[in-house]
Structure formats: structure tokens, C-alpha cells
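Single-letter residue listing:
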Amino acid sequence: MTPIDVVLIGRNEGARLVAALDSVRGKARQVIYVDSGSTDASVAAAEARGARVVRLDMSVPFTAARARNAGFDALDDPQIVQFIDGDCALVDGWLDAGRAFLEANPHVGMVTGWRSEIHRDASVYNQLCDFEWRRPAGEILTCGGDMMVRADLWRQVGGMNPVVIAGEDDDVCCRFRKAGWALHRLPLEMTRHDAAMTRFGQWWARAVRTGHAFGQVHGLHPDFFVTEVRRVLFYGAVLPVLFVLGLFTEPWLSLLALLVYVVNHIRTARGLRRLGLPADDVRNHAALITLSKFPNMIGLARYHLRRLTGAKMRIIEYK
């Protein structure tokens, strides 16, 4: 049976990290915890639970990609590696199921499962995260940072791109596929996540980060995030410009822009209803999804401003 190693990354996760460490304790050959400058007891908690701790060099701008690369590099002779964020807890049985699938499907280089929110109903923002995590099983194009990867594939593509501040998982998945490997999502629970997102400002910052990811990953892979970038540009830039122009020229332009937003909201709500979401969830999620184009546009613009000026790509945090 192929051994599995685990790489956990985190910073100031507190009780969430303790839960993550406890969920993998005794289930993997090696557990590496990569700490990104925590000021709480994260390092001590990891050491107390038998994890090997790697302290990331914070003189260089931190990214989750850098942390995962450092964790992988610290492993002794890895063969299959499970990456987990420090705010996630592994579900019992996942490691065996993922390993069995990889062993039975030699053309598959990475496998993932379902992530769900521990406190789904603590806020509408947590609910929206939970909805985002639940994607169809089968062969996939990309996934989030919780993934089980063949070590040979990780080495083949050179790991994650350390300068990608968000969407680093999308970027590496694109490179996995371009290297000739298939990616797969199993219809199984993999991790439980604690977004701890209870304020509008947190959701807004996360949506800004998403827009930055659209821009940066699209810049690296022009065939990816095409629809997302076009949608953000249309709803986050073109329509607002039309609305403002209408205020000073033709009022019907402003009305047209507002009508397009209303139609988009209605279409989004209908799509959510078809997926079986409760009425309250549909109303709240549709409003946030429609509104998200504005912070997405800010993130997209921020990426291009950084790119054009040569500024460092620094992370956008929401916690």
C-alpha cells in the first residue's frame, strides 16, 4: 500500500489548527505543518501533536503556494501527498479512499473530494462558501487547495507558483492537466472547513481576492477563467460606466444598466432554485453573487495595476 504524507499550512488558526492536526494524527506516515509567521500557539500545538514544523521565511512575501512547496520539500521520499489548509479537518476514511482511487487509476494525477462548512448557518457568507465547495464529482479541470497529489506529478510541474497570491490551486491544476494527467473529484466528504466569515467586510475582501485570482491565473493560462474575466468586466466595469454616463447624458442608459443587473439577479436566482437551494438561501446568495462583480472588478484591476507597475503580488486576507 502506497504511503500517504500530509502537508498542513496555516497562520494563527488557533483551535482550527488543533482540529486539523487531530484529524490527521496517526493516519499518515509524515505530517508537516508549515507556519507562516503565527503569533499564537500554532507552532507549539503542532509540535505537541507530533507534526514536523517548517517555519516559512517571512522576509519574502507570504503566499499559500510558497507554504505548500516548503511543506512538500520537507517530506522524506514522498509518494502520495495530501495537502490541507489549517482551517480544515480531514474526514475519516478520505485518505484510504483517495489512495485507492489513485492506485486503481494510474492516469489520474490528483484526486479531491467534497469540502463542507463546519458552521454553515453561522452566516450567509459561510452558507455561500458551503455552496461553492459542493461541485459535481467526476473528471474536473481544477479544485481548491485540499487535494491528494502524486509526488511525481508535483515534481514534474515544479509545485505551485509561489507568486500566485490567490487561485494558486487553479494554476497548478492547469499545469497538471497540461502535463498530461487527469484530475478527479470523488463523491465523498474530504474536509470540513471553518470559514469563520461573519462580516460583510470579510466577504468583500474575499471577493476582491477572487477577482485578483481571475486576472492572475488568466494571465498565466489565457484559455482559463475566460468567462469569469469577461463577466467581471461587463458587470463590474462596462455597466457602471454606462450608468454614470446616463446620469449626465441619456437617462435611458442608466435605466438599461439597472435593468441588466435585475435580469442577471433573476437568472442567478432561478439557477440556484434549480439546484434545490431553500428560498432564503436563494434570495441571499443571488444578491451576493450579483454584488460580487464589483469587488471582483477591484481585484482584477488591482492585479493589472500590480502587473503594469511591477509591484509585488501581496496576499489579500479576509480573516
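For the structure itself, look to the data block above.
Residues numbered from 1 in each chain as written. Predicted model: local features only at pLDDT ≥ 70, side-chain atom pairs only at ≥ 80, totals over all residues. Heavy atoms only, no water.

K.L.:
How would you sum up the packing of aromatic side chains? Please name residues and give values.
P.N.:
This model, assessed by the stated rule, comprises 10 aromatic pairs. Centre to centre, the rings of Phe83 and Trp154 are 4.5 Å apart; their planes meet at 25°, and the pair counts as stacked. Highlighted residues: Phe83 in strand S4 (residues 80-85) and Trp154 in helix H6 (residues 151-157), separated in sequence by 71 residues. Note on Trp154: relative accessible area 3%, which makes it buried. Note on Phe224 and Phe225: the rings are 4.6 Å apart at their centroids and 45° apart in plane angle, and the pair reads as tilted. (Phe/Tyr/Trp six-rings, centres within 6.5 Å; stacked < 30°, edge-to-face > 60°. Helix = DSSP H or I, 4+ residues; strand = E, 2+ residues; numbered from the N terminus. Buried < 20%, exposed > 50% of the residue type's maximum accessible area, 1.4 Å probe, protein only.)

K.L.:
Tell me about the side chain of Thr112, and name the residues and values.
P.N.:
The topology assignment puts Thr112 in strand S6 (residues 108-117). Here the side chain of Thr112 touches Asp146 through a polar contact of 3.0 Å, landing on its backbone oxygen. Those residues within four positions of Thr112 in sequence are excluded, and the remaining contacts are Trp94, Ile140, Cys143, Asp146, Met147, His184, Arg185, Leu186 and Met190. (Polar contact = N/O pair within 3.5 Å; in protein donor to acceptor, adjacent residues only side chain to side chain. Contact = heavy atoms within 4.5 Å.)

K.L.:
Quick rundown of the environment of Arg99? Include the residues and the values.
P.N.:
By the element assignment, Arg99 lies in helix H4 (residues 94-104). Residues Arg99 and Asn296, 197 residues apart in the sequence, show an inter-C-alpha distance of 36 Å. With residues up to four places along the chain from it excluded, the contact list for Arg99 reads Met1, Thr2, Pro3, Ile4, Ile80 and Met148.

K.L.:
I'd love a proper account of unusual backbone geometry, names of residues and values included.
P.N.:
Its identity as a non-glycine residue notwithstanding, Asp77 has a phi of 50°, on the positive side. We note that Ala196 has phi near 50°; this positive angle belongs to a residue other than glycine. Of note, Ala196 is situated in the loop between strand S9 (182-193) and helix H8 (200-220).

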